[in-house]
Amino acid sequence: MVAGETRTTEVIDKAGPEGRCTRWVALRPLLLRLHFFAGVLVAPFILIAAMTGLLYVLTPQLEEAMYGQQLHVPTTGAQVPLSTQVNVARNALPEAELKAVRPAATSTDTTQVIFTSEDLPESYYRTVFVDPHDAEIRGVLDTYGSNQALPLRAWVSELHRGLHLGDLGRIYSELAASWMWVVALGGLALWFGRRRATRKLRIKPPGRTRVLSWHGLTGAGIAVGLLFLSATGLTWSSFAGDNIAKLRETLSWETPTVAKGLPMRVSFEQSSSRIDIGYDQVRQVATRHGLTGRMEITPSEHIGAAYTVQETGRSWPTQQDSVAIHPVTGQITDSVRFADYPLMAKLSRWGVDAHMGLLFGWPNQVALAALMIAAICVIIWGYRMWWLRRPTRGFGNPPSRGAWRRLPIPLLLGGVLVTIGVGCAVPLLGISLLAFLCVDALLGMRATFAGPAG
């Protein structure tokens, strides 16, 4: 137990209703120990995630500066047909397979023609950027993911997600996301408990605890943001992410998609003589049906399949409508409106976009950048407190082990059940917590055999 811990606990025990204080007095040392060791052992992972996340937030502006040649063109008048632009891109990459087309959203944007290629890693594509006014190729870049991240953002994204270490590296980010909400909630409870005791006793914190005040106040201020980042980050994780996906599937919370299949009779009639309406008319039909802004056209893969058109704007939370269009008649065969998404699918879409800094554009980026900087400061202040109170300076040891033994039986049993459930849902949290308990028990045994310290 750190120096002064016993005195503080005794003071808090005298304040407030007896039952509530008894529970808090029993629970506080356990929370303090968990928060302390989680901070010392897991905070480095959270720190790396915060620093790489801050870098990721800045990538949209960096992309504009680095890839302006590929992304933008001067306005020079009328545009050539979209089908012509696609054919030019096909000729540039004859060995690749066409995946989708993103028409120029404005007169100063390029058209992006997206291909798959066997020499690319999973989820990577090769994109040809075409000037919509004269069909000149402005560049060819390898892009990543459904958001078609350009090389810089793709590199930073992989750094943030797995430190470019493959599947092994993803353990770091999942460990950070798994513990972030535990650290945030535990710290929030400790901060409120400390404020309540200090306020009732009218005790002003001494100068030595100034860093603690900064750490606690800032941590409390960003707790909701950390909880949000933890929850949305886990959806991308390997182990907890699989559990979340299964839960969404079980509860029918998945994001709906349009059906690409056509009736068998229509497919048979097309097999002998097929006249494809082409990309230009597909775009016109989608626009008449209410799709606006940035969109992606996925071609009809085979006879019996429709074109699909999906809105891809991520800065506004409702631009996710999609339609399926008959490749011969141009009729709408299926449509999905974002307004008809299940509530959890909407929340998932908004949460992911906000986590990536895309929702509402630059205000989202500013908010995330401020959150990351605050989280970095909280972690640094936490290590500063540890350094000032380290045992080698004679200030005592970390919070006492064995605090769980002093919990009331109902609270202890409830805590065990909740811990088991959370550990199963978030496996890396459960495994690391079990490892911490084992190490803690071994340290306790060593201290017992070594005898009391002088």
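This text gives an overview of the structure that appears in the document. Bear in mind that the values here come from a model prediction, so they are computed numbers and not experimental data. (Residues numbered from 1 in each chain as written. Predicted model: local features only at pLDDT ≥ 70, side-chain atom pairs only at ≥ 80, totals over all residues. Heavy atoms only, no water.)

1. Describing a nonpolar patch on the surface
1) Next: A surface patch of nonpolar side chains, amounting to about 360 Å² of accessible area, comprises Leu55, Leu58, Leu62 and Trp155.
2) Next: Among the secondary structure elements, Trp155 is positioned in helix H6 (residues 151–162).
3) Next: Judged by relative accessible area, Trp155 falls into the partly exposed class, the value being 47%. (Patch = residues over 30% accessible without salt bridge, like charges linked within 9 Å, V, L, I, M, F, W, Y side chains within 5 Å. Areas by Shrake-Rupley, 256 points an atom, 1.4 Å probe, with all protein chains shown as cover. Salt bridge = Lys/Arg side-chain N within 4 Å of Asp/Glu carboxyl O. Helix = DSSP H or I, 4+ residues; strand = E, 2+ residues; numbered from the N terminus. Buried < 20%, exposed > 50% of the residue type's maximum accessible area, 1.4 Å probe, protein only.)

2. Things to note about the packing of aromatic side chains
1) Next: Under the definition given, this model contains ten aromatic pairs.
2) Next: Measuring from centroid to centroid gives 5.8 Å for Phe338 and Trp350, while their planes differ by 55°, and the two rings are tilted. Of this pair, Phe338 sits in the loop between strand S8 (332–336) and helix H12 (343–355) while Trp350 is found in helix H12, placing the two residues twelve residues apart along the sequence.
3) Next: Since its relative accessible area comes to 3%, Phe338 is described here as buried. (Phe/Tyr/Trp six-rings, centres within 6.5 Å; stacked < 30°, edge-to-face > 60°.)

3. Description of unusual backbone geometry
1) Next: For Gln148, which is not glycine, the phi torsion reads 55° and is therefore positive.
2) Next: Structurally, Gln148 is set in the loop between strand S4 (137–144) and H6.
3) Next: For Gln148, a relative accessible area of 6% puts it in the buried group.
4) Next: Unlike most non-glycine residues, Phe360 shows phi in positive territory, near 65°.
5) Next: Position of Phe360 relative to the elements: it lies in the loop between H12 and helix H13 (362–388).

4. Brief notes about the pattern of salt bridges
1) Next: A complete count under the given rule lists ten salt bridges for this structure.
2) Next: The shortest N-O distance in the salt bridge between Arg314 and Asp353 comes to 2.7 Å. Here Arg314, found in the loop between strand S6 (307–311) and strand S7 (322–325), pairs with Asp353, found in helix H12; they are 39 residues apart in sequence, far enough to count as distant.
3) Next: One network of salt bridges, in which partners are shared, links Lys99, Arg102 and Glu296.

5. Topic: the environment of Gly77
1) Next: Position of Gly77 among the secondary structure elements: in the loop between helix H4 (68–71) and helix H5 (82–92).
2) Next: Residues Gly77 and His133, spaced 56 residues apart in sequence, show a C-alpha to C-alpha distance of 6.8 Å.

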